[in-house]
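# A structural walkthrough
Listed below, chain by chain, are the residues.
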Amino acid sequence: MPPKIDPHIVHLPATIPFVAPERMERDSGRQFIARLGANEGNFGCSPLAIDAISRAASNNVGNYCDPECFELREVLSEKLNTQMENIVIGPGIDGILGMIVRIFSSSGDTIVTSLGAYPTFNYHVAGYDRILHTVPYREDHEDLAALSEAANALKPAIVYLSNPDNPMGTYWPNIDIVKFMNSLPESTLLILDEAYGETAPEGTLPPIELNRENVLRLRTFSKAYGLAGLRCGYGIGHKNLIAPFDKIRDHFGVNIVAQSAAIAALRDDQWLKQNVDNIEAARIRISEIASRNNLQPIVSASNFVTIDCGQDERYAMEILNGLTEQGIFVRKPMAPVLDRCIRISAGRPEELDAFESALVATLKVLSHS
Ligand SMILES: *Cc1c(COP(=O)(O)O)cnc(C)c1O
């Protein structure tokens, strides 16, 4: 008899949340010329972070990292005006999401999210054998009223909300988010995923209220800080929500290079501001390219712009395929109604030039077919 595999794992579909551009390049035998599909750091990262990475590389990669991420939590708690006990560091939000599902729900529990929202969360929900209940978007926004209604009817273990949202890039102002928090059952944990918090307009992020025992906020160095490859994110919440992570997390899971770079990045507000400006300029440019080609850009608070292609899912997929064939890596929402769109990450001017030419060429071919 071969070793036993847990029956739940045996029956899981072999899905991965995202097919990587590297995989697509291997399959096609061709390199992408612009990487605009994964909302990455196309403008690089802070030079202070690069210094910290090289220093860590030459001085101490031979050592284990600080398993308590003490200094990073110290810098973050000063910045956020919290205590260190209110912060957990993890290998990106993606890694933290898995731990949250494991800690705050049990096998068979119901978990609520929006239909078409961040797939890595759903991946963990399936992986831990919880039941996902989805609520449709409304006018390309996550529907706070419907999510609240579902939460109050089903009393789920967890509700997941991303603000600003991925894949649509839309957002709710903080007053609406606070109202939403207040409307949830006490026993339901709200995961408020703020991966794009830094690129959102002022007044999007609610104040941090550490007396709430059912709200866990998530942030990352992957998007506005341009450090996606390092895998470092954090959660902010009441100490009773943070403490259980120490019982299950991989204590050396946020490596020494990532910790050093994150600390340095937090000390470079000037670079962050510059990057947020670059992202905003790219959003404007992407929107202009869309409009000029008679497609409808959706107003975005994130580091990408989602474009309504104006027809059905098949048409959006044809545009995406056309772009892919011309070496432009982009992605699109997959859930009904949202799937009429494609999603373009903020990129450097020359990458957006390449996107524009490929889009024009693709639409020309489609208009003749
Ligand atoms: C990109 C993204 C993440 C992933 O963050 P990591 O810290 O790189 O794991 C999480 N949530 C949302 C909504 C995202 O778009």
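Refer to the structure presented above.
Residues numbered from 1 in each chain as written. Predicted model: local features only at pLDDT ≥ 70, side-chain atom pairs only at ≥ 80, totals over all residues. Heavy atoms only, no water.

## A look at the overall build of the protein chain
For the protein chain, the count of helices and strands is 14 helices and 12 strands. Against the globule reference of 21 Å for 369 residues, the protein chain gives a C-alpha radius of gyration of 21 Å, in line with a compact fold. Its C-alpha atoms put the protein chain at 60 × 60 × 55 Å along the principal axes. Every one of the 369 residues in the protein chain was classed for burial, and the buried ones make up 52%. Across the protein chain, every contact between residues at least 6 apart in sequence was considered, and the portion connecting residues at least 24 apart equals 73%. (Helix = DSSP H or I, 4+ residues; strand = E, 2+ residues; numbered from the N terminus. Rg over C-alpha atoms; globule rule 2.2 N^0.38 Å. Buried < 20%, exposed > 50% of the residue type's maximum accessible area, 1.4 Å probe, protein only. Contact = heavy atoms within 4.5 Å.)

## A word on the packing of helix H12 (residues 269-292) against helix H14 (residues 349-367)
Between H12 and H14, the least distance of the axes is 11 Å, while the angle of their chain directions is 15°. As far as their axial angle goes, H14 and H12 are roughly parallel. H12 and H14 meet at a crossing whose hand is right-handed. From H12, Ala282, Arg285, Ile286, Ile289 and Arg292 reach across to H14, where they touch Pro349, Leu352, Asp353, Phe355, Glu356 and Leu359. For the contact of H12 with H14, the residue count by class is 7 nonpolar, no polar and 4 charged. (Axes fitted to C-alpha atoms, helices over the stretch in contact; angles between N-to-C directions. Parallel < 35°, antiparallel > 145°, perpendicular 65-115°, else oblique. Left-handed = near helix turned anticlockwise from the far one by under 90°. Nonpolar A, V, L, I, M, F, W, Y, C, P; charged D, E, K, R; others polar.)

## Some points on the pairing of strand S2 (residues 87-90)
Here S2 shows two buried faces, one formed by Ile87 and Ile89 and the other by Val88 and Gly90. Pairing of S2 with strand S8 (residues 233-236), which is carried by 4 bridges, proceeds in the antiparallel orientation. Bridging across to S8, Ile87 finds its partner in Ile236. (Pairing = 2+ DSSP bridges.)

## Regarding the side chain of Thr170
Structurally, the position occupied by Thr170 is in the loop between strand S5 (158-162) and helix H8 (174-183). Within polar-contact distance, the side chain of Thr170 engages the backbone oxygen of Asp140 at 2.8 Å. Discounting residues that sit within four places of it in the chain, Thr170 has contacts with Asp140, His141, Pro164, Asp165, Ile298 and Val299. (Polar contact = N/O pair within 3.5 Å; in protein donor to acceptor, adjacent residues only side chain to side chain.)

## Section: the site of the ligand
Around the ligand, a shell composed of 14 residues is seen, among which Asp193, Tyr196, Thr220, Ser222 and Lys223 lie nearest. In this structure, Ile93 approaches the ligand through a main-chain N or O atom, which is 2.6 Å from an oxygen atom. Sort the elements by how many residues they give to the shell around the ligand and helix H5 (residues 92-104) lands first, with 3 residues. Looking at side-chain class alone, the shell around the ligand contains 5 nonpolar, 5 polar and 4 charged residues. (Near = heavy atom within 4 Å.)

## So, the packing of aromatic side chains
Overall, the coordinates contain 8 aromatic pairs when judged by the stated rule. Note on Phe121 and Tyr160: the rings are 4.7 Å apart at their centroids and 15° apart in plane angle, and the pair reads as stacked. With a gap of 39 residues between them, Phe121 in helix H6 (residues 119-127) and Tyr160 in strand S5 connect regions that are remote in the sequence. Neither Phe121 nor Tyr160 differs from the other in exposure class; each is buried. Plain terms: the ring middles of Phe221 and Tyr225 are 5.1 Å apart, the flat faces sit at 55° to each other, and that makes the pair tilted. Arg343 extends its terminal NZ or CZ atom over the ring of Phe304, reaching a point 5.3 Å from the ring centre. (Phe/Tyr/Trp six-rings, centres within 6.5 Å; stacked < 30°, edge-to-face > 60°. Lys NZ or Arg CZ within 6 Å of the ring centre and 35° of its normal.)

## Focus on the pattern of salt bridges
The full count for this structure, using the stated rule, is 19 salt bridges. Ionic pairing is found between Arg267 and Glu71, a salt bridge with its closest N-O pair at 3.8 Å. Highlighted residues: Arg267 in the loop between helix H11 (256-266) and H12 and Glu71 in helix H4 (residues 70-80), separated in sequence by 196 residues. Note on Arg267: relative accessible area 53%, which makes it exposed. Here Arg217 and Glu194 are joined by a salt bridge, their closest N and O atoms 3.0 Å apart. In this pair, Arg217 sits in strand S7 (residues 215-220) while Glu194 sits in the loop between strand S6 (189-193) and S7, placing the two residues 23 residues apart along the sequence. Comparing Arg217 with Glu194 shows no difference in burial state: the two are buried. Ionic contacts of the salt-bridge type, sharing partners, join the residues Arg285, Arg292, Asp353 and Glu356 into one network. (Salt bridge = Lys/Arg side-chain N within 4 Å of Asp/Glu carboxyl O.)

## Remarks on the sheet that holds S7
Adjacent strands of a sheet form backbone hydrogen bonds with each other and so pair up, either parallel or antiparallel. Taking strand neighbours across the sheet as the criterion, the 7 strands line up as S2-S8-S7-S6-S5-S3-S4 in an open arrangement whose pairing is mixed. Looking at strand neighbours, the two that pair on one side only are S2 and strand S4 (131-135), the edges of this open sheet. Put simply, the sheet's adjacent strands are angled 20° from each other on average, direction ignored. Contacts from helix H7 (residues 144-154) reach strand S3 (110-114), S4 and S5 within the one sheet, and its direction differs from that of S3 by about 170°. Of the strands in this sheet, S5, S6 and S7 touch H8, which is tilted by about 160° from S6.

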